[in-house]
Amino acid sequence: MTRPYNQGGCGGCWAFSTSAAVESLAYISGNQTELTEYSVQSLIDCDTDNYGCTGGWMYQGFAYVSANGIVKKTDYRDYHGNSAKTCEVNDTDKEVHMKNIGYVEHDGKTNEELKELLLQQPVSIGMYTTGMMSAYRDGVFTEDFLHCSYADREVNHGVVLIGYGKVGPHDRVRGRCKEYWIIRNSWGADWGEDGFFRVCADKPGSKKTPVGTCLVNRYSTWPTLNYDDIDWDFDI
């Protein structure tokens, strides 16, 4: 998993999540012999099915990469936290990567299903964030602390689920929790635990966390190398 960097005032979390998941797949599958960063800015500029810095979805991001490929971070203009008026990918002779990947979305995954997926690769997910998260430094978030898990809310942030673990005696827990998810954010490497954070994974399906803490079990989507996973009915 590449080092997180900061989306700033741009609502392009979907692009950060998309690129990170594709980067990981490229390395795990051997398509890249070393972990290589792809261009978030190119997704924000060029994926017209999403909305640049005003929001988007990772499934559409994977569909864009499948149809067009993605360039390396070093082969495109630097990330500026805004959308360009034009896409510059076609103005370069740089190689595109990971074209014709598949992509899958399964909603309402159980913890066991998500853990099974994580044995293979990171998974892009949506979640509901609150302003209280901005001051996070370390430890495990819980519903008791954030009050972020009401089922009638919609997700407002795209992130990458990368792992899980059990709460230890020295972990700082905001509430009660036994197990947690490890999540890659896009608020910079100086935020949280080197840009990552942990959120309680206990009791999805319960009255308090019907689709997981902060809705992390609601939407999960990931890229694959299976050509049959391409959604040919999805227009790009």
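For the structure, check the block above.
Read on for a plain summary of the structure. (Residues numbered from 1 in each chain as written. Predicted model: local features only at pLDDT ≥ 70, side-chain atom pairs only at ≥ 80, totals over all residues. Heavy atoms only, no water.)

1. So, the packing of helix α1 (residues 13–29) against helix α3 (residues 58–68)
Part 1 of the reasoning: The geometry of α1 relative to α3 is characterised by a closest axis approach of 9 Å and an angle of 55 degrees between their N-to-C directions. When the interaxial angle is binned, α1 and α3 end up oblique. With respect to the hand of their crossing, α1 and α3 are arranged in right-handed fashion. In this structure, α1 contributes Trp 14, Ser 17, Thr 18, Ala 21 and Val 22 to the contact, and α3 contributes Met 58, Gly 61, Phe 62 and Val 65.
Part 2 of the reasoning: Across the contact of α1 with α3, the residue classes break down as six nonpolar, three polar and no charged. (Axes fitted to C-alpha atoms, helices over the stretch in contact; angles between N-to-C directions. Helix = DSSP H or I, 4+ residues; strand = E, 2+ residues; numbered from the N terminus. Parallel < 35°, antiparallel > 145°, perpendicular 65-115°, else oblique. Left-handed = near helix turned anticlockwise from the far one by under 90°. Contact = heavy atoms within 4.5 Å. Nonpolar A, V, L, I, M, F, W, Y, C, P; charged D, E, K, R; others polar.)

2. Notes on the sheet that holds strand β5 (residues 179–184)
Part 1 of the reasoning: Pairing within the open sheet is mixed, and its seven strands lie in the order β1-β7-β2-β4-β5-β6-β3. Of all the strands in the sheet, the pair left with one neighbour each is β1 (102–107) and β3 (140–141).
Part 2 of the reasoning: In the sheet, β5 pairs with strand β6 (residues 196–200) via five bridges, with the strands oriented antiparallel. Paired with Arg 184 across the two strands is Phe 196, which belongs to β6.
Part 3 of the reasoning: Strands in contact with α1 are β2 (123–127), β4 (157–166), β5 and β7 (219–224); relative to β4, the strand with the most contacts, it is inclined by about 50 degrees.
Part 4 of the reasoning: Of the strands in this sheet, β1, β2, β4 and β7 touch α3, which is tilted by about 170 degrees from β1. (Pairing = 2+ DSSP bridges.)

3. Quick word on the pattern of salt bridges
Part 1 of the reasoning: All chains considered together, the criterion is met by eight salt bridges.
Part 2 of the reasoning: Here Lys 208 ties to Asp 144 by a salt bridge, and the two come within 2.9 Å at their closest N and O atoms. A residue pair is termed long-range when its members are at least 10 positions apart, and Lys 208 in the loop between β6 and β7 and Asp 144 in helix α5 (residues 143–146) qualify at 64 residues.
Part 3 of the reasoning: The partly exposed category is assigned to Asp 144, whose relative accessible area is 38%.
Part 4 of the reasoning: The salt bridge involving Arg 218 is made with Glu 154; its shortest N-O contact spans 4.0 Å. A residue pair is termed long-range when its members are at least 10 positions apart, and Arg 218 in the loop between β6 and β7 and Glu 154 in the loop between α5 and β4 qualify at 64 residues.
Part 5 of the reasoning: For Glu 154, a relative accessible area of 39% translates into the label partly exposed.
Part 6 of the reasoning: Several salt bridges converge on common partners, so that one network encompasses Asp 45, Arg 77 and Glu 88. (Salt bridge = Lys/Arg side-chain N within 4 Å of Asp/Glu carboxyl O. Buried < 20%, exposed > 50% of the residue type's maximum accessible area, 1.4 Å probe, protein only.)

4. Notes on the state of the cysteines
Part 1 of the reasoning: For the structure on display, the rule yields four disulfides.
Part 2 of the reasoning: There is a disulfide in this structure between Cys 10 and Cys 53, and the S-S distance comes to 2.0 Å. Every disulfide takes its handedness from the sign of the S-S torsion; for Cys 10 and Cys 53 that torsion is -95 degrees, giving left-handed. With Cys 10 in the segment before α1 and Cys 53 in the loop between α2 (40–46) and α3, the pair connects residues that are 43 residues apart, well separated along the chain.
Part 3 of the reasoning: Judged by relative accessible area, which is 18%, Cys 53 ranks as buried.
Part 4 of the reasoning: One disulfide bridge connects Cys 148 with Cys 214, the sulfur atoms lying 2.0 Å from each other. Taking the sign of the S-S torsion, about -80 degrees here, the bridge from Cys 148 to Cys 214 comes out left-handed. Residue Cys 148 is found in the loop between α5 and β4, and its partner Cys 214 is found in the loop between β6 and β7; the two are separated by 66 residues along the sequence. A single burial state applies to Cys 148 and to Cys 214, both of which are buried. (Disulfide = S-S within 2.5 Å.)

5. Regarding helix α4 (residues 111–118)
Part 1 of the reasoning: Among the residues making up α4, those that are buried are Asn 111, Leu 114, Leu 117 and Leu 118. Considered in projection along α4, the buried side chains sweep an arc of 125 degrees and stay on one side of the axis. Of the exposed residues in α4, those oriented more than 90 degrees away from the buried face are Glu 112 and Glu 116. (Arc of directions from axis to C-beta.)

6. Quick notes on the nonpolar core
Part 1 of the reasoning: In this structure, Val 22, Val 40, Leu 43, Ile 44, Val 65, Tyr 79 and Met 98 are the most contacted members of the largest nonpolar core, which totals 30 residues.
Part 2 of the reasoning: Of all the secondary structure elements, the ones that give two or more residues to this core are α1, α2 and α3.
Part 3 of the reasoning: Element by element, the count of residues in this core is highest for α1, at seven residues.
Part 4 of the reasoning: Once you skip the residues sitting within four places of it in the chain, Met 98 turns out to touch Val 22, Leu 25, Ala 26, Asn 31, Tyr 38, Val 65, Ser 66 and Leu 225. (Core = buried A, V, L, I, M, F, W, Y, C linked by side-chain atoms within 4.5 Å.)

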